[in-house]
Amino acid sequence: QVQVVESGGGLVQAGGSLRLSCAASGIFFSINDMGWYRQAPGEQRELVAGITSGGTTNYGDSVKGRFIISRDNAKNTVYLQMNSLRPEDTTVYYCNAGAKVAKFSSCRHYWGQGTQVTVTS
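So, here is what we can say about the structure in this document. (Residues numbered from 1 in each chain as written. Predicted model: local features only at pLDDT ≥ 70, side-chain atom pairs only at ≥ 80, totals over all residues. Heavy atoms only, no water.)

## Here we look at the sheet that holds strand E8 (residues 77-82)
Spatially, the four strands line up as an open sheet ordered E1-E3-E8-E7, and their pairing is antiparallel. At either end of the open sheet lies a strand with only one pairing partner, and these are strand E1 (2-7) and strand E7 (67-72). Ignoring which end each strand starts from, the neighbouring axes of this sheet average 15 degrees apart. By the bridge criterion, six bridges tie E7 to E8 in an arrangement that is antiparallel. When the bridges of E8 are listed, Arg-71 appears paired with Val-78. (Pairing = 2+ DSSP bridges. Helix = DSSP H or I, 4+ residues; strand = E, 2+ residues; numbered from the N terminus. Axes fitted to C-alpha atoms, helices over the stretch in contact; angles between N-to-C directions.)

What follows is the structure, encoded as structure tokens:
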């Protein structure tokens, strides 16, 4: 089983910064792509940022230039540095990790429980 646990959410004023962390743990052969998503009430979950095991990144249009995703492969951890936060960034952020439980198994994706980010104006 693979567990994904986020941390680092909280309350911040507009223009401020927060750093989210997400660690994958459990029994697995490898962690592949990792990413951050967010979902506002009544909306679909959307990609915030993703990163491959090799370090290739991609971002949602609304966060480009403000958020930075990075990872520490040795710790199976992904980070999301969020700068210039806006009230519209307020929502729950979810971490997703792609993992293979064995060398020749398919990659499955696992979700964390989510962490709340609230940006006040």
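## Concerning the nonpolar core
Of all hydrophobic cores here, the largest spans 27 residues; its most connected members are Trp-36, Val-48, Phe-67, Val-78, Leu-80, Met-82 and Tyr-93. Of all elements in the fold, only E1, strand E3 (18-26), strand E4 (30-39), strand E5 (46-51), E7, E8, strand E9 (91-100) and strand E11 (115-120) reach the threshold of two or more residues within this core. Setting aside residues up to four positions removed in sequence, Leu-80 forms contacts with Leu-18, Arg-19, Leu-20, Trp-36, Val-48, Ala-49, Phe-67, Ile-68, Ile-69 and Tyr-93. (Core = buried A, V, L, I, M, F, W, Y, C linked by side-chain atoms within 4.5 Å. Buried < 20%, exposed > 50% of the residue type's maximum accessible area, 1.4 Å probe, protein only. Contact = heavy atoms within 4.5 Å.)

## A look at the pattern of salt bridges
Any two side chains of opposite charge can pair if their charged atoms end up close together. Summed over all chains, the structure comprises four salt bridges. The partner of Glu-46 in a salt bridge is Arg-38, and the shortest N-O contact between them spans 2.7 Å. Residue classification places Glu-46 among the partly exposed positions, given a relative accessible area of 36%. Take Arg-38: its relative accessible area is 7%, and that puts it in the buried class. Shared partners join several salt bridges into a network, and the residues in it are Arg-38, Glu-46, Arg-66 and Asp-89. (Salt bridge = Lys/Arg side-chain N within 4 Å of Asp/Glu carboxyl O.)

## Comments concerning the packing of aromatic side chains
Counted according to the given criterion, the structure contains one aromatic pair. The interplanar angle of 70 degrees and the centroid separation of 5.0 Å between the aromatic rings of Tyr-37 and Trp-111 together place this pair among those described as edge-to-face. With Tyr-37 in strand E4 and Trp-111 in strand E10 (residues 108-111), this residue pair connects regions lying 74 residues apart in the sequence. Seen from the ring of Tyr-79, Arg-19 lies directly overhead, with NZ or CZ sitting 4.1 Å from the centre. (Phe/Tyr/Trp six-rings, centres within 6.5 Å; stacked < 30°, edge-to-face > 60°. Lys NZ or Arg CZ within 6 Å of the ring centre and 35° of its normal.)

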